[in-house]
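Okay, here's what each chain looks like letter by letter:
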Amino acid sequence: MAAPDPHQAADPQAVKRHPTLFRAVRKRRNPKLRRTDITVTDDAAVKRAVKAASLGNAMEWFDFGIYSYLAVTIGHVFFPSGNETTQLLSSFATFAVAFLVRPLGGMFFGPMGDKVGRKKVLALTMILMAVGTFAIGLIPSHDTIGVWAAVLLIFFRMLQGFSTGGEYGGASTFIAEYAPDKRRGFFGSFLEFGTLAGYVGAAGLVTALYALLNDAQMEAWGWRIPFLIAGPLGLVGLYLRLRLDETPAFQKLEGGTAHASEAADGVESTAKGDLAKIFRQYWPTLILCICLVGAYNITDYMLLSYMPTYLSDELGYSETHGLLILLAVMVFLMAIISQVGKLSDRFGRKPLLMTGMLGFLFLSLPAFLLIRIDGILPITVGMLMLGLSLVCMLGTMSAALPALFPTNVRYGSLSVGYNLSASIFGGTTPLVITALISWTGSNLMPAYYAMAAALIGVIAVACMKETAQQPLIGSPPSVETDEEAAELVQAQAPEPKF
């Protein structure tokens, strides 16, 4: 926010007596941009950063996706019981456990990312996620070691959740700080392209396993294959991340020299990453972030994680049937998400986010009524209605959220806000919906739950400021070419007087 005009704050008579002094004060408070204040991005470095951050995000959601899609089988392996609903609830409770520790991961890794750097922390979270997922694939079944099977499953799920606490905030911050201001939405959308890619990879692999193996084979060893694949994939992601330079904004905080792009002198000059400072000074923005992420996560997990279980357990379709339809919808969303990012750069973050929230508010009930109709066409149309609403948020949120916070606390603030919300609302979504359906007997509870979340989201979007095409708080303007930088400086030059 610009400083107030000293002419308005001071005595008018004093301004008349000391015009030179007040002119100097005004210039100091509102300095003009110099050419060296503007970051000119390196296109190759931006694309490398986007690739590494998106691959890590894909890994994260591949790991979480395979657990969601194998929930029924995992319930049989680790939680033997005569009651199918009890098994499913136990499986989803273990899914939710990972989210309960995510805020702890956010509070640990977020401030660390503001202190030691985005790159180092993102490499560490990648290692922990790969280890946790790979280890789940090695856990003996309940029949082999009894209750210790469930204990180990919960422990490694918690390790996954802890590492994930530093993933999204860091990855979105990484891309946002590399991208030019006018294309932050476009480049940010590739982070969620990674989310969809992870889900598609998980859904495709699980679908193939269900098609090739019978139930006995799946429960004996088939379910382990996706978890074991995560280990080598994690090493690939780690390699890509370690090859990156730090973001120009963070390098300037540390007093270094930007390698990937021309750093500017106007960036804030400290990197304290103080957790207490985040809660003390930025709590209004944290609340806004939590509301935005809560609405987004409930609808996200409801569609991308819970829907295959809903189709198989509540509506009686085979596991393969539900996964194939969801797979087709997600591939379609992947094809259009970057275009949504471009639209958010052109028309603004708020119009796109509001479209997505209103879509869930008004289309959830019709969509679920269609999904309940027996037939591939109505189910596909219903899921596309939800998917198109979701992609408006997917393609926009990763550019909108980092812009809420200043550079010196961006990683920490976003990690805390995002993961508190994901813990309370996102990860509990399958568990809450399953419990609500069991309690009420209504198959439409997912629609009502999504509508309630969307209503909160509409209010949150209405309260946020538009940030499209603007510099990040605490960072200098970021452009793609020297010509754009020169135009910015020229725009501030006084008009000649004749």
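Residues numbered from 1 in each chain as written. Predicted model: local features only at pLDDT ≥ 70, side-chain atom pairs only at ≥ 80, totals over all residues. Heavy atoms only, no water.

Q: So what about the overall build of the protein? Which residues, and what values?
A: Along the backbone of the protein there are 24 helices and two strands. Out of the 498 residues in the protein, the part that is buried amounts to 56%. Residue pairs in contact within the protein that sit at least 24 positions apart in sequence constitute 84% of those at least 6 positions apart. Accessible area of the protein: about 20000 Å², with a carbon and sulfur share of 65%. (Helix = DSSP H or I, 4+ residues; strand = E, 2+ residues; numbered from the N terminus. Buried < 20%, exposed > 50% of the residue type's maximum accessible area, 1.4 Å probe, protein only. Contact = heavy atoms within 4.5 Å. Areas by Shrake-Rupley, 256 points an atom, 1.4 Å probe, with all protein chains shown as cover.)

Q: Tell me about the confidence of the model for the protein, residues and numbers included.
A: Looking at the protein as a whole, its pLDDT mean stands at 80, while 82% of the residues score no less than 70. Segment residues 1-8: pLDDT under 50, and 11 contacts once partners within four positions in sequence are set aside and those in other chains are kept. Across residues 256-273 the pLDDT falls below 50, and counting only partners more than four positions away or on other chains, this stretch makes 58 contacts in the model. (pLDDT = per-residue confidence, 0-100.)

Q: Describe in detail the pattern of salt bridges, supporting the description with residues and values.
A: For the structure shown, the criterion picks out four salt bridges. Among the salt bridges present, the one from Lys-47 reaches Asp-43, with a minimum N-O distance of 3.2 Å. Taken together, the residues Lys-47 and Asp-43, both in helix 4 (residues 43-69) and four residues apart, mark about one turn of the helix. Residue class for Asp-43 comes out partly exposed when judged on its relative accessible area of 36%. As a salt-bridge pair, Asp-181 and Arg-184 come within 2.4 Å of each other at their nearest N and O atoms. For Asp-181, a relative accessible area of 5% translates into the label buried. (Salt bridge = Lys/Arg side-chain N within 4 Å of Asp/Glu carboxyl O.)

Q: Give a detailed account of helix 5 (residues 71-78), specifying residues and quantitative values.
A: Burial of helix 5 is extensive: seven of the eight residues sit out of reach of the surface. When we look at burial in helix 5, the residues that qualify are Ala-71, Val-72, Thr-73, Ile-74, Gly-75, Val-77 and Phe-78.

Q: I'd like a rundown of the packing of aromatic side chains, residues and numbers included.
A: Applying the stated rule across the entire model yields 13 aromatic pairs. Look at Phe-108 and Phe-162: their rings are 5.6 Å apart centre to centre, the planes differ by 35°, and that puts the pair in the tilted class. Of this pair, Phe-108 sits in helix 7 (residues 102-116) while Phe-162 sits in helix 10 (residues 147-164), and the two are 54 residues apart along the sequence. Of the residues examined, Phe-162 reaches a relative accessible area of 26% and is grouped as partly exposed. Clustering of aromatic rings is evident, with ring pairs tying together Phe-186, Phe-187, Phe-190 and Phe-193. (Phe/Tyr/Trp six-rings, centres within 6.5 Å; stacked < 30°, edge-to-face > 60°.)

Q: Talk me through the side chain of Arg-349; I want residue IDs and the actual numbers.
A: As for its position among the elements, Arg-349 is in helix 19 (residues 349-371). A polar contact of 3.0 Å, which involves the side chain of Arg-349, links it to the side chain of Ser-344. At 3.0 Å, the side chain of Arg-349 and the side chain of Asp-345 are in polar contact. Among residues more than four places away in sequence, those in contact with Arg-349 are Arg-184, Gly-185, Ser-344, Thr-396, Ala-399, Ala-400, Glu-466, Thr-467, Ala-468 and Gln-469. (Polar contact = N/O pair within 3.5 Å; in protein donor to acceptor, adjacent residues only side chain to side chain.)

Q: Just give me the short version of the nonpolar core, but keep the residues and values in it.
A: Core analysis: the largest hydrophobic core is formed by 122 residues, its most contacted members being Met-307, Met-383 and Leu-401. The biggest single contributor to this core is helix 17 (residues 283-314), with 15 residues. Those residues in contact with Leu-401 that lie beyond four places of it in its chain are Tyr-168, Cys-289, Leu-292, Val-293, Leu-414 and Tyr-418. (Core = buried A, V, L, I, M, F, W, Y, C linked by side-chain atoms within 4.5 Å.)

Q: Before we move on, can you summarise the packing of helix 17 against helix 19 with the specific residues and values?
A: Interhelical geometry of helix 17 versus helix 19 gives an angle of 15° and a closest axis separation of 12 Å. In terms of axis orientation, helix 17 runs roughly parallel to helix 19. Considering only the axes of helix 17 and helix 19, their crossing is left-handed. In contact with Leu-292, Ala-295, Tyr-296, Thr-299, Met-302, Met-307, Tyr-310 and Leu-311 of helix 17, helix 19 contributes Met-357, Phe-360, Phe-368 and Ile-371. (Axes fitted to C-alpha atoms, helices over the stretch in contact; angles between N-to-C directions. Parallel < 35°, antiparallel > 145°, perpendicular 65-115°, else oblique. Left-handed = near helix turned anticlockwise from the far one by under 90°.)

Q: Give me the lowdown on the packing of helix 4 against helix 17, citing residues and values where you can.
A: At a minimum axis distance of 8 Å, the contact between helix 4 and helix 17 shows a crossing angle of 30°. Contacts from Trp-61, Ser-68 and Tyr-69 of helix 4 reach helix 17 at Tyr-301, Leu-304, Ser-305, Pro-308 and Thr-309. Considered class by class, the residues forming the contact of helix 4 with helix 17 number five nonpolar, three polar and no charged. (Nonpolar A, V, L, I, M, F, W, Y, C, P; charged D, E, K, R; others polar.)

Q: Could you give an account of a nonpolar patch on the surface, naming the residues involved and the relevant values?
A: On the surface, Val-147, Trp-148 and Val-151 cluster together into a nonpolar patch covering about 330 Å² of accessible area. Assignment of secondary structure puts Val-147 in helix 10. (Patch = residues over 30% accessible without salt bridge, like charges linked within 9 Å, V, L, I, M, F, W, Y side chains within 5 Å.)

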